[in-house]
Amino acid sequence: MLKKLYHYLLSLWAYLYYGRPSRQLIVVGVTGTKGKSTTCRFIASVLEAGGFKVGLLSTVEFQVAEKRWLNKRKMTMLGRGEIHKMLRDMVRAGCQYAVVETSSEGILQYRHKFLNYDIAVFTNLGTEHSERHGGFENLKQDKGKLFAALSKNRKNINGQEIKKVIVVNGDDINAQYYLNFPATEKVIFHQSDYDPKFKINIVGDFNIPNVLAAIAVGRSQNISEEKIKQGIGDVKLIEGRMEFIDEGQLFKVVVDYAHEPMSLSALFDSLNNLKAPSSKLIAIIGSDGGGRDKGKRAKMGEIAGKLCDIVIITDVNCFDEDPKQIAEMLAVGARQAGKQEGKNLFIEVDRRQAIAMAIRLAESNDVVAITAKGTEPCMVVAGDKKLSWDDREVARAAIKTLKY
């Protein structure tokens, strides 16, 4: 209880100290299990195409008006008052909107407090982090706090009252729960609503719901269809999300943040559709340590075992857990899916060596998927020691050792 009070008071102090900046911005909160960072980027791009200055805080990146930089903090929602400081910087830069990726962990630590949300977006909901919340229902309800916050404050900017908007992915079975909260306007979208006139310039059909959420936000803010279309098309890369690494190799290498069952399934399905039927999909998978979401590990191994031709299991961030034990929990699922060690299943806890192995095994037209870290700037090992890291650079270095 004291810890919760500490986090609450810290958020209140930061809100007041930095001049209540969220009162001067239209704040868009995006929550869910997968696709949050990509949805945030599409929303920001649509708002920019509509002529607005935008700020953004996500797992991938930060933005204050024209300035953008990678998030190297290894956290989605910044702590110790930094969110409110960033919002103040946005106000000073002339931003009208702030797009904030809102994680369940951030909500648990009251980092969402006093952000005065105006638009709440729900992408989807899986079981990831449910253990941290004491069960799936608690996880669902904690994410609902973002939506409950909409009606708790009225906001007036430049003499205009800001309407409250809820945007929900109707293809998720939990959609109705988030639609039950009060708002001025509620929008529900389905993947079947997608219109090809909104051209997506990044790979993966799993991005369609992310785009539909951004379209809904744009329409709610009275942005024209032509400008929305422009904003969608302007997004050509999300760093560490389905990011292709090209060093002239004869096969494809993709770095992606997918680190739980829903995102792994979507990624592997997309890559199987991308590659030739005769080529292989080689996947590097792993799971965070620290006792986090142990229940997902076997399922992740099973998904990789079913959808990939070769599975290499490695470390992600072991914290104080034994990385070999983590890998073994994933391997159980891969074996159940029919994979055999030494043939199409390998355990190599040294991540650099695992990436090098995948690159060596790849042949012409194959696809190598390096999952679970994306743009994460470090690996966390025992004793909370952080080792500088970048999957993309490690992959590039491994490719450059090949001789054709």
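Residue positions are counted from 1 within each chain, in the order its sequence is given. Totals for whole chains, interfaces and linings use every residue, but because this is a predicted model, local features are given only for residues with pLDDT of at least 70 and side-chain atom pairs only at 80 or more, for both listing and counting. Derived side-chain values reflect all non-hydrogen atoms in the structure, with water molecules and hydrogen atoms excluded from consideration.

## Thoughts on the overall build of the chain
Counting secondary structure elements, the chain contains 14 helices and 18 strands. Taken over C-alpha atoms, the radius of gyration comes to 21 Å for the chain, in line with the 22 Å a tight globule of 404 residues would show. If you line up the chain on its principal axes, its C-alpha atoms span 65 × 50 × 35 Å. A 1.4 Å probe rolled over the protein chains alone gives each residue an accessible area, and that area as a share of the maximum for its type sets the label: buried under 20%, exposed over 50%, partly exposed in between. Of all 404 residues assigned to the chain, the portion counted as buried reaches 57%. Should any heavy atoms of two residues lie within 4.5 Å, those residues are counted as being in contact. Within the chain, contacts between residues at least 6 apart in sequence are counted, and of these 72% link residues at least 24 apart. Accessible surface computed for the chain: about 17300 Å², of which carbon and sulfur atoms make up 50%. Of the side chains in the chain, 59 bear a positive and 48 a negative charge, and the two mean positions are spaced by 5 Å. Only DSSP runs of H or I reaching four residues or more are called helices, and only runs of E reaching two or more are called strands; each is numbered from the N terminus. Only C-alpha atoms enter the radius of gyration, while the globule expectation follows 2.2 Å times N to the 0.38, with N the number of residues. A 1.4 Å probe and the Shrake-Rupley method give the accessible areas. Residues count as covered only by the protein chains that appear here. In this tally, Lys and Arg are treated as positive and Asp and Glu as negative; His is ignored, and so are the chain termini. To locate a charge, take atom NZ for lysine, CZ for arginine, CG for aspartate or CD for glutamate.

## Thoughts on the pairing of strand β14 (residues 310-313)
By the alternation rule, side chains of β14 split into Ile310 and Ile312 and Val311 and Ile313, which are all buried. As paired strands, β14 and strand β15 (residues 345-347) are joined by 3 bridges and run parallel to one another. Within β15, the position partnered with Val311 by the bridge is Leu345. At this point the chain moves from β14, through helix α12 (residues 323-336), to the parallel β15, and the crossover so formed is right-handed. By this definition, two strands are paired if DSSP reports at least two bridges between them. By convention, orient the strands away from the viewer: a clockwise path from the first strand over the helix to the second makes the crossover right-handed.

## Details of the pattern of salt bridges
Each reported salt bridge corresponds to a side-chain nitrogen of Lys or Arg within 4 Å of a carboxyl oxygen of Asp or Glu. Counted under the stated rule, the structure contains 31 salt bridges. Here Glu302 makes a salt bridge to Lys299, at a shortest N to O gap of 3.9 Å. With Glu302 and Lys299 both in helix α11 (residues 297-307) and 3 residues apart, the pair spans about one turn of that helix. The closest approach of N and O atoms between Glu328 and Arg335, which form a salt bridge, is 2.8 Å. Using a relative accessible area of 34% as the deciding quantity, one classes Glu328 as partly exposed. Taking the relative accessible area as the measure of exposure, Arg335 reaches 31% and is therefore partly exposed. Overlapping salt bridges bring together Arg41, Glu48, Glu61 and Arg68 as one network.

## Here we look at a nonpolar patch on the surface
On the surface, a cluster of nonpolar side chains totalling about 400 Å² of accessible area is made up of Leu2, Leu5, Tyr8 and Leu9. Summarising the element assignment, Leu5 is placed in helix α1 (residues 2-17). We classify Leu5 as partly exposed; its relative accessible area is 43%. Nonpolar side chains (Val, Leu, Ile, Met, Phe, Trp, Tyr) are joined into patches within 5 Å and like charges within 9 Å, using only residues with over 30% relative accessible area and no salt bridge.

## Digging into the side chain of His259
For His259, the position within the fold is in the loop between β12 (252-256) and α10 (261-274). The term polar contact refers here to a pair of N or O atoms within 3.5 Å; inside protein, the definition further demands a hydrogen-donor-capable atom paired with an acceptor-capable atom, and it admits residues adjacent in sequence only when both atoms are side-chain atoms. Among the polar contacts listed, one links the side chain of His259 to the backbone oxygen of Tyr257, at a separation of 2.9 Å. Excluding residues that lie within four positions of it along the chain, His259 makes contacts with Glu128, Lys296, Met300 and Ala372.

## Examining helix α14 (residues 391-400)
Here α14 has its buried residues at Asp391, Arg392, Val394, Ala395, Ala398 and Ile399. Projected down its long axis, α14 shows its buried positions confined to an angular sector of 165 degrees, all on one face. Looking at the buried residues of α14, the elements they touch are β4 (67-70), β11 (243-244), β12, α13 (351-361) and β16 (367-371). Think of it as the arc spanned by the lines of direction from the helix axis to the C-beta atoms.

## A look at α13
All buried positions along α13 are accounted for by Arg351, Ala354, Ile355, Ala356, Met357, Ala358 and Ile359. Two or three places before Arg352, at the start of α13, stands the capping residue Asp350, its side-chain oxygen 3.0 Å from that residue's backbone nitrogen.

## Some remarks on the sheet that holds strand β2 (residues 54-57)
Spatial strand order, β4-β3-β2-β5-β1-β6-β9-β10: 8 strands in an open sheet with mixed pairing. The outermost strands of the open sheet, each flanked by one partner alone, are β4 and β10 (185-189). For this sheet, the mean inter-axis angle between neighbouring strands, taken without regard to orientation, is 15 degrees. Of the strand pairs in this sheet, strand β1 (residues 26-31) and strand β6 (residues 119-122) are connected by 4 bridges, and their pairing is parallel. Each residue of the ladder has a partner; that of Gly29, found in β6, is Ala120. For helices, the axis comes from a line fit to the C-alpha atoms of the stretch in contact; other axes are also lines fit to C-alpha atoms, and the angle between any two N-to-C directions lies between 0 and 180 degrees.

## What to know about the sheet that holds strand β13 (residues 281-285)
Pairing within the open sheet is mixed, and its 6 strands lie in the order β11-β12-β16-β13-β14-β15. For this open sheet the edge positions go to β11 and β15, each flanked by a neighbour on one side alone. In this sheet, β16 lies alongside β12 in parallel orientation, the contact comprising 5 bridges. In the sheet register, Asp256 faces β16, and the bridge partner there is Thr371. Sitting on the sheet, α11 is in contact with β13 and β14, with an inclination near 170 degrees to β13.

## Considering the pairing of strand β9 (residues 165-169)
Burial of β9 is extensive: 5 of the 5 residues sit out of reach of the surface. Of the two faces of β9, the one carrying Val165, Val167 and Asn169 and the one carrying Ile166 and Val168 are both buried. Pairing between β6 and β9: 4 bridges, direction parallel. Directly across from Ile119, in β9, lies its bridge partner Val165. In this structure, β9 lies alongside β10, joined through 5 bridges in parallel fashion. Counted as the bridge partner of Ile166 is Lys186 from β10.

Function-wise, these values are silent; they only describe arrangement.
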